[in-house]
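Architecture and fold: a report
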Amino acid sequence: GAGVSQTPSNKVTEKGKYVELRCDPISGHTALYWYRQSLGQGPEFLIYFQGTGAADDSGLPNDRFFAVRPEGSVSTLKIQRTERGDSAMYLCASSLFASGSYNEQFFGPGTRLTVL
Amino acid sequence: QQQVKQSPQSLIVQKGGIPIINCAYENTAFDYFPWYQQFPGKGPALLIAIRPDVSEKKEGRFTISFNKSAKQFSLHIMDSQPGDSATYFCAASNPDSGTYKYIFGTGTRLKVLA
């Protein structure tokens, strides 16, 4: 079966522009996570969805960042008024259940965002 | 208290050696500890994971050792190969409490020499 897919693989934008990053989770996975990874660092949690609702958005750095998952499958991470500091690899992960031991998160290949 | 401290930052071993990567945590509520392998330009791939009710878990050439009292866990790679050269991340979470996000360590860049 297909893994987690993310598009685009690379995105270059200018400071101040709006960007959308898309994530397609593994079919049947109810939980979806977004992480951000800066060069040489571990991934940092941004937001987690259980179904259509954002169950935990405590990692979003500010109100320029927003994510949706309207039908409980595909998710879009939206960044307004991009800043150079937003440049990073944005990773999406999904898991089958978000309870107990069924929390194995499977990551996509990421979207490399560069803000010039 | 949410941090996971990982060491060393980088590691070089000869082929066949046994690299060991260590992680430590403070939050005693963590109860799920996965390890991920990441190649340049790729997303992290799950290697092996452990719950604190066991002290050791093996999957193929990968072994996790867990010391609950010391709040430490480590990854051992047996008979390491050049293809194991990658960055390794430990992580921790507390799914039983409804907190499913992973807290990742800072990563260990491993190079296995042929």
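Above: the structure in question.
Residues numbered from 1 in each chain as written. Chains lettered and ligands numbered in written order. Predicted model: local features only at pLDDT ≥ 70, side-chain atom pairs only at ≥ 80, totals over all residues. Heavy atoms only, no water.

Some remarks on the sheet that holds strand β8 (residues 75–79) of chain A
Residues and elements named next belong to chain A. Strand order in this open sheet of four strands is β1-β3-β8-β7, and the pairing throughout is antiparallel. Edge strands, defined here as strands with exactly one partner in the open sheet, are β1 (5–7) and β7 (65–68). The average undirected angle you get between the axes of adjacent strands in this sheet is 15 degrees. Summarising the sheet, strand β3 (residues 19–24) and β8 pair through five bridges and their orientation is antiparallel. Paired with Cys 23 across the two strands is Ser 75, which belongs to β8. (Pairing = 2+ DSSP bridges. Helix = DSSP H or I, 4+ residues; strand = E, 2+ residues; numbered from the N terminus. Axes fitted to C-alpha atoms, helices over the stretch in contact; angles between N-to-C directions.)

What about the side chain of Ser74(B)?
Residue and element names in this part refer to chain B. Here Ser 74 lies in strand β8 (residues 72–77). Side-chain polar atoms of Ser 74 contact the side chain of His 76, separated by 3.2 Å. Those residues in contact with Ser 74 that sit more than four places away from it in its chain are Ile 20, Ile 21, Asn 22, Trp 35, Thr 63, Ile 64 and Ser 65. (Polar contact = N/O pair within 3.5 Å; in protein donor to acceptor, adjacent residues only side chain to side chain. Contact = heavy atoms within 4.5 Å.)

What about the packing of aromatic side chains?
Applying the stated criterion across every chain, the model contains 20 aromatic pairs over all chains. Ring plane angle 35 degrees and centroid distance 6.3 Å describe the contact between Tyr32(B) and Tyr102(B), whose orientation is recorded as tilted. One end of the pair, Tyr32(B), is in the loop between β3 (20–25) and β4 (33–38); the other, Tyr102(B), is in strand β10 (residues 99–104), and 70 residues separate them in sequence. The exposure classification of Tyr32(B) matches that of Tyr102(B), with both residues buried. Judged by centre distance (4.9 Å) and plane angle (50 degrees), the ring pair of Phe33(B) and Phe66(B) falls under tilted. One end of the pair, Phe33(B), is in strand β4; the other, Phe66(B), is in strand β7 (residues 62–67), with 33 residues separating them in the sequence. Overall, the relative accessible area of 0% leaves Phe33(B) in the buried class. Members of the aromatic cluster, connected to one another through ring pairs, are Tyr35(A), Phe45(A), Phe107(A), Tyr32(B), Tyr36(B), Phe89(B), Tyr102(B) and Phe104(B). (Phe/Tyr/Trp six-rings, centres within 6.5 Å; stacked < 30°, edge-to-face > 60°. Buried < 20%, exposed > 50% of the residue type's maximum accessible area, 1.4 Å probe, protein only.)

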